[in-house]
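# Geometric and topological summary
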Amino acid sequence: MHFNWRSYLRLLAVLLAVDCVRSLYEDQIKKFDWRSLHIGGVEKADLDMNGFQPRLLVSTRENVIASLCPETGELMWRQVFESGARGDIKLMQISSMSTAADNTAAARISSSHGFDMLTVQGHNPALIRGWNSNMGLSEWEWSLMPLQSGRAVDSFWFYSKSMLYHVLPIWRSHLEITQYFASSGQPLGNTAKITASWIDKKKCILSGIYYTCLENQQLITLDLTADEPKILYKDLEDIPEHPLKNLEGASGVLIVDQKLVAIKDDIPVCKSLLSQSYMMGRYKKEQIIITADVKDKILYIQSYSIESCEPLSQLFSTVNYPEHLGIPNLKAFDCKSSRNMNGGDCLFIFDTTDDSITAVQQSKILWIRSEALANIVAAEFVDLPLTDNEGVLENEMKGKAADIMSAFLHRITSQIMHGKSLLLHVMGLGPKPSDTQRAGLVRDAFGLHKMLVVLTKSGKIFGIDNISGKHHWQYFLRNVGNFDNDQEMRLLVQRTSKHFPLSALCTVVANDKLTEKGVLLRFNPITGQTSEGGLLKLNYKIKQLTLLTETDNDFVKGLLIIDAEDRVHVYPEYATKKADGLYMFTAQKDHATLNGFFVQYVNKELTTLPLWNVDLSGHSGDHKIISVASKNPLERVHSQGRVMPDRSVLYKYINPNLVAVFTLAKDDLHKFLIYVYLIDVVSGSVVFTMMHRKVRPPLHAVHSENWLAYAYYNDKVRRVEITTIELYEGKTQTNGTVWSSLNAPPLPLVERQSYIMPSMVETLRETITERGITNKDVLIGTSKGSILELPWYLLDPRRPIASKTSGREEGAVPYVPELPILTDNIINYNQTISRLRYIHTAPSGLESTCLVVAAGLDMFVTRIAPSKTFDLLKEDFDYFLISIVLIVLVSSSFIAKHFASRKLLKQAWK
């Protein structure tokens, strides 16, 4: 056989090249970034402490199944299903040897197929899978396609006696029940229909094999496994105030207003108990009921025998309960088998209303997983405070002395005090460092170390170190949610840490779920402690809000709120005068209308004056606003124009009051129409409008400087496209100092272009720096969980069609329809972010560097340099070599000077 050395040499060269490419990034992995993995709040849990490998299997409200280590809470594996109804987990069933009658493999007789863990997800189709619970791998799968997909959304499943039951409720009519062999999907018999005219979606619940509905003061129950359906009735003492709940681990027992109620008289239950959380389990081969209640910041866990209802002292425990956790709900319980079995080896798993998973053992909290971070709605980077000495020095630099002598004396005095404090610190007699200094929360030289304040959907707020990812503090804001129009809660920075000795101030604005009115929480973002009044519950609904641009002596930006009756409120109240002359606008999504207001301060009172109204609902009135994109208030524009090939300047149309509004309409011919409007929200004038045919959401937009970029789905060619728009005033600038929307220049010149995006887009965000000198990049979050950093020159609508170089602008790249996805431009490399939906950027102290936080089911924090780190030396910079070179140059200059002077002296004596 002929041995081809050339082929082997080529293969070896390719392998070496691949290895070299990989090694370039090995030293950068997790050096400037970190990622945290999450699964969401627990829906159902199964705990096994006596198996070969202890495990905690959970299904969550975020459509995730996962396995956790019971001792540490570490994530062993997880499987993330589709978001929404398609991935909704209808059932998670775990096989168990101890209850073989109910949890053995559901297969046909004499079949060896079964399951370790079974899940049912979705409804159209419903996917039934068998899993290996140790590895998290799918072993088999079958699907069920419903005949009526609209009604199948409300269907549910349960497992009993080796059979899988599918129940389809037809509200106020009947139930359709079908039995299946779990591993094969083969139905057993025909679908049974049970007439039940009383069933209601909001008043019915499944408890094991029983389906119970509340009708006035009576419980009506059906046994879904019975050959002949029989209706059971149970009268209650009072009409329940809260919805019915199922008792975990039991069949036929409900929780009605914190009391246990058995559906049938022969089901044992302790009726006298009153608790916030219940669960049924087994201890020493005896069935018990476990209760959990929080009183005076203490968590009480108690167990009762289900036969005698007597408390079991072995399982009683008390735990100091942190304030930042919500109301606990017991989800799983198990004890390690031992000879003594005194309850000390029992582990309790709780799901709390703040979306945390808490494990309690031996009267201590063993671990906590903060799963609220799986639903981040807002984030802000806040500068860390200065040290005491740096703060004093900064005050000196800011202070204005009466004359030079007094400034000199003040400077000498402060230096003496600094020397004294340094000496005392060396001797160990100096003042103790503050809590923030001990925690390492001190501003660095380049402003890269900051506090990341995160607001989550459950109302929980986190203070996270953006370098290490450590959670420094947590605060739980109870019973809050989003506003009307599906607007999310807001996190605002009213004062930064740059004004020493004043501390930073943040405000959370939310909607109270109970009263549907506004809620304000003002707190210190560095320590997490409430300040400036703390929690404030408003007596009105919030319609619109914004931060004032001007500040007073305390450097606090006032918060202006317009209520549902168009009345104006300012917090703090002493900043009311600063709101005079402010322009605001509101947008009604369903009606596609925008309204502009002018805020004026008259007779010591703020009032709103309606200025303009724009109706975008179309001729038929069916258009709806799907997105509104405004510019970042922190943005600074460094370059006012663009240099043309003939050395003239094309000036940018930089209108800070310009807002992009997108509306969606349905059309018989084109299916979907998306309209794009650029509106000046001060004057109400429409600057530009454009229409896209046969395109539909999801739509994501980013608006910055003089350009707009937005992504959508083209239904005609079935692909994702990104359209970019640039606005220019022309070659003459109307006003180069102050922009005025009331005296605006003529309509701008518009450049536009579309590009093909090879991947689905989930979110868009632009990079931002402190001075705006660095090039702008667009961060594109894809459905694959990657973040693509795309330079603006690739999205530039002025990219020339022709490839000739004559007459081309400097830096212009010839137009190519498809945007490239280069692996070098993916800033999270292999750190995939599941369900990526949010990206936030903030400037750092370095002009070249931008801080980034990306969130979805997971959280990823990093920093990027769009124009490279031009203002920072490299880490491998050779200080030793440059020092030697400088010393040699300085020494050579002195030696040369000496010889030059001697030469001049000799020449003078000649």
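Residues numbered from 1 in each chain as written. Predicted model: local features only at pLDDT ≥ 70, side-chain atom pairs only at ≥ 80, totals over all residues. Heavy atoms only, no water.

- Under an unreviewed UniProt entry, the name given to the protein chain is ER membrane protein complex subunit 1, and the source organism is Glossina brevipalpis.
- For the record of the protein chain, the UniProt heading Sequence similarities (unreviewed entry) holds the text "Belongs to the EMC1 family."
- Heading Subcellular location (unreviewed entry) of the UniProt record for the protein chain holds this comment: "Endoplasmic reticulum membrane". (UniProt positions renumbered as here; feature names shortened; annotations may be inferred.)

## Some points on the overall build of the protein chain
- Helices and strands together make up the secondary structure of the protein chain, namely 8 helices and 59 strands.
- Dimensions along the principal axes, computed over C-alpha positions, put the protein chain at roughly 125 × 100 × 80 Å.
- Burial statistics for the protein chain: of 910 residues in total, 48% are counted as buried.
- Contacts in the protein chain between residues far apart in sequence, at least 24 positions, make up 52% of those at least 6 positions apart.
- Surface accessibility of the protein chain: about 47,800 Å² in total, with carbon and sulfur atoms responsible for 53%. (Helix = DSSP H or I, 4+ residues; strand = E, 2+ residues; numbered from the N terminus. Buried < 20%, exposed > 50% of the residue type's maximum accessible area, 1.4 Å probe, protein only. Contact = heavy atoms within 4.5 Å. Areas by Shrake-Rupley, 256 points an atom, 1.4 Å probe, with all protein chains shown as cover.)

## Side note on the sheet that holds strand β42 (residues 593–602)
- The antiparallel open sheet is built from 3 strands, whose spatial order is β41-β42-β43. A single partner strand is all that each edge strand has here, and the edge strands are β41 (582–588) and β43 (605–615). Strand after strand, the sheet turns through a mean of 25° between neighbouring axes, direction not considered. (Pairing = 2+ DSSP bridges. Axes fitted to C-alpha atoms, helices over the stretch in contact; angles between N-to-C directions.)

## Description of the UniProt feature "transmembrane region" (unreviewed entry) in the protein chain
- Mapped onto this numbering, the UniProt entry gives "transmembrane region" (unreviewed entry) at residues 877–896.
- As annotated, residues 877–896 comprises 90% helix and 0% strand, and the C-alpha atoms at either end are separated by 29 Å.

## Observations regarding the side chain of Lys631
- Relative to the helices and strands, Lys631 is located in the loop between β44 (624–629) and β45 (641–643).
- The charged side chain of Lys631 is buried without a salt bridge, its nearest counter-charge being Glu635 at 5.4 Å.
- Within the local environment of Lys631, its side chain forms a polar contact with the backbone oxygen of Asn655, the two atoms lying 2.8 Å apart.
- A distance of 2.5 Å separates a polar side-chain atom of Lys631 from the backbone oxygen of Glu705.
- Apart from the residues within four sequence positions on either side, Lys631 is in contact with Ile654, Asn655, Pro656, Leu658, His703, Ser704 and Glu705. (Lys, Arg positive; Asp, Glu negative; His and termini not counted. Salt bridge = Lys/Arg side-chain N within 4 Å of Asp/Glu carboxyl O. Polar contact = N/O pair within 3.5 Å; in protein donor to acceptor, adjacent residues only side chain to side chain.)

## A few points about the state of the cysteines
- In total, this model carries 3 disulfides according to the counting rule given.
- Disulfide partner of Cys204: Cys213, at an S-S distance of 1.9 Å. Taking the sign of the S-S torsion, about 110° here, the bridge from Cys204 to Cys213 comes out right-handed.
- Judged by its relative accessible area of 1%, Cys213 is buried.
- The disulfide partner of Cys270 is Cys309, and the S-S distance across this bridge is 2.2 Å. Handedness of the Cys270-Cys309 disulfide follows from its S-S torsion of about -105°: it is left-handed. Linking Cys270 in the loop between β20 (259–262) and β21 (277–283) with Cys309 in the loop between β23 (298–305) and β24 (317–320), this pair joins segments that are 39 residues apart in sequence. (Disulfide = S-S within 2.5 Å.)

## Re the domain arrangement of the protein chain
- Each domain of the protein chain was delimited in the assignment, giving domain 1 (81–197), domain 2 (201–269), domain 3 (391–439) and domain 4 (616–734 + 744–873).
- Relative to domain 4, the C-alpha centre of domain 1 lies at a distance of 45 Å. (Domains from an automatic or database assignment.)

## Some details on the sheet that holds strand β1 (residues 34–36)
- One open sheet holds the 4 strands; their spatial order is β1-β59-β58-β57, and the pairing between them is antiparallel. The sheet is open, and its two edges are formed by β1 and β57 (838–843), each paired on a single side. Sheet twist, expressed as the average angle between the axes of neighbouring strands with direction ignored, equals 15°.

## A word on a negative patch on the surface
- Together, Asp484, Asp486, Glu488, Glu516 and Asp590 give the surface a local cluster of negative charge.
- Checked against the element boundaries, Asp590 lands in the loop between β41 and β42. (Patch = residues over 30% accessible without salt bridge, like charges linked within 9 Å, V, L, I, M, F, W, Y side chains within 5 Å. Charge placed at Lys NZ, Arg CZ, Asp CG, Glu CD.)

## Regarding the pairing of strand β10 (residues 156–160)
- Taken across its 5 residues, β10 has 5 buried, putting it largely inside the fold.
- The side-chain alternation of β10 yields two buried faces, one formed by Phe156, Phe158 and Ser160 and the other by Trp157 and Tyr159.
- Pairing of β10 with strand β11 (residues 163–170) involves 5 bridges; the strand directions are antiparallel. Bridge assignment links Tyr159 to a residue of β11, and that residue is Leu164.

## Thoughts on the nonpolar core
- Ile199, Tyr211 and Leu224 are the most contacted members of the largest nonpolar core, which has 30 residues in total.
- Where this core is concerned, the elements lending two or more residues are β10, β11, β12 (174–180), β14 (204–207), β15 (210–215), β16 (218–223) and β19 (253–256).
- Of all the elements, β15 adds the most residues to this core, at 4 residues.
- Among residues more than four places away in sequence, those in contact with Ile199 are Pro169, Ile170, Trp171, Arg172, Ser173, His174, Leu175, Cys204, Tyr211 and Cys213.
- By size, the runner-up hydrophobic cluster in this structure holds 22 residues, among which are Val382, Leu477, Val493 and Leu521. (Core = buried A, V, L, I, M, F, W, Y, C linked by side-chain atoms within 4.5 Å.)

## Section: the pattern of salt bridges
- According to the stated counting rule, one finds 28 salt bridges in the structure shown.
- With a closest N to O distance of 3.4 Å, Lys776 and Glu635 form a salt bridge. With Lys776 in the loop between β54 (761–766) and β55 (777–782) and Glu635 in the loop between β44 and β45, this pair connects stretches of sequence that are 141 residues apart.
- A residue is classified by how much of its surface remains accessible, and Lys776, at 13% relative accessible area, is buried.
- Its relative accessible area of 16% is what places Glu635 among the buried residues.

## Digging into the packing of aromatic side chains
- For the structure shown, the criterion picks out 16 aromatic pairs.
- Taking the centre distance of 5.1 Å and the plane angle of 20° together, the rings of Phe156 and Tyr211 count as stacked. Of this pair, Phe156 sits in strand β10 while Tyr211 sits in strand β15, and the two are 55 residues apart along the sequence.
- With a relative accessible area of 14%, Phe156 lands in the buried category.
- Under the relative-accessibility criterion, Tyr211 is labelled buried at 4%.
- Put simply, the rings of Trp142, Trp157 and Tyr180 pair up and form one aromatic cluster. (Phe/Tyr/Trp six-rings, centres within 6.5 Å; stacked < 30°, edge-to-face > 60°.)

## With respect to the side chain of Thr507
- Inspection of the secondary structure puts Thr507 in strand β35 (residues 505–512).
- A distance of 2.4 Å separates the side chain of Thr507 from the side chain of Gln494, its partner in a polar contact.
- If we skip the residues at most four places from it in the chain, Thr507 touches Arg490, Leu491, Leu492, Gln494, Leu520, Leu521, Arg522, Phe523 and Leu559.

## A short note on the pairing of β41
- Direction of pairing for β41 relative to β42: antiparallel, over a ladder of 7 bridges. Counterpart to Met584 in the pairing with β42 is Phe597.
- The antiparallel hairpin formed by β41 and β42 contains 4 residues in its connecting segment, where Ala592 sits at a positive phi of about 55°.

## Here we look at a nonpolar patch on the surface
- Residues Leu873, Phe877, Tyr879, Leu881, Ile882, Val885, Leu886 and Leu889 make up a contiguous nonpolar surface patch of roughly 750 Å² in combined accessible area.
- Mapping Leu873 onto the fold places it in the loop between β59 (859–864) and α8 (879–909).

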